[in-house]
Amino acid sequence: MDVKRAQDIYASKETVSVHLDGEPVWIEHVDAQNGMATVQVGSRPTNTHTVGVERLEEQDH
């Protein structure tokens, strides 16, 4: 995924399925300048990771 798409998903009111290493994640923040995103893994708000947006994969519905 690229930074623009990550920002679009983050700003979207719709739910978009995004995965990191096969696990479902929620995008919490996008750092466009550095190409990074902070994501919540699964349903635990404390389980967050900051990763390169290229590692995120949008899933088809």
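Our subject is the structure listed above.
Bear in mind the structure is a predicted one, so any value in this text is a computation, not a measurement. (Residues numbered from 1 in each chain as written. Predicted model: local features only at pLDDT ≥ 70, side-chain atom pairs only at ≥ 80, totals over all residues. Heavy atoms only, no water.)

Visitor: Help me understand the nonpolar core, please; the structure alone is not making it clear to me.
Guide: Generally speaking, nonpolar side chains in soluble globular proteins are found buried as a group. Core analysis: the largest hydrophobic core is formed by 14 residues, its most contacted members being Val18, Leu20, Val25, Ile27, Val39 and Leu56. Contributing elements (two or more residues each) for this core: α1 (3–11), β1 (18–20), β2 (23–31) and β3 (36–41). (Core = buried A, V, L, I, M, F, W, Y, C linked by side-chain atoms within 4.5 Å. Buried < 20%, exposed > 50% of the residue type's maximum accessible area, 1.4 Å probe, protein only. Helix = DSSP H or I, 4+ residues; strand = E, 2+ residues; numbered from the N terminus.)

Visitor: Teacher, can you tell me more about the sheet that holds β2 here?
Guide: Strand pairing in a sheet relies on backbone hydrogen bonds, with the paired strands running either antiparallel or parallel. Read from one edge of the open sheet, five strands run β4-β3-β2-β1-β5, paired in antiparallel fashion. One side of each edge strand has no neighbouring strand; the edge strands of this open sheet are β4 (48–52) and β5 (56–58). Pairs of neighbouring strands in the sheet enclose a mean axial angle of 45°, with direction left out of account. With six bridges connecting them, β2 and β3 associate as antiparallel partners. What sits directly across from Val25, in β3, is Val41. Lying over the sheet, α1 contacts β1, β2 and β5, oriented at roughly 100° with respect to β2. (Pairing = 2+ DSSP bridges. Axes fitted to C-alpha atoms, helices over the stretch in contact; angles between N-to-C directions. Contact = heavy atoms within 4.5 Å.)

Visitor: Could you clarify how one ought to interpret the side chain of His19 in this entry?
Guide: Within the secondary structure, His19 sits in strand β1. What makes His19 buried here is its relative accessible area of 19%. In this structure His19 touches Pro24, Val25, Arg55, Leu56, Glu57 and Gln59, once residues within four positions along its chain are discounted.

Visitor: For this particular structure, what's the right way to read the environment of Val16?
Guide: Structurally, Val16 can be placed in the loop between α1 and β1. The exposure class assigned to Val16 is buried, which follows from its relative accessible area of 14%.

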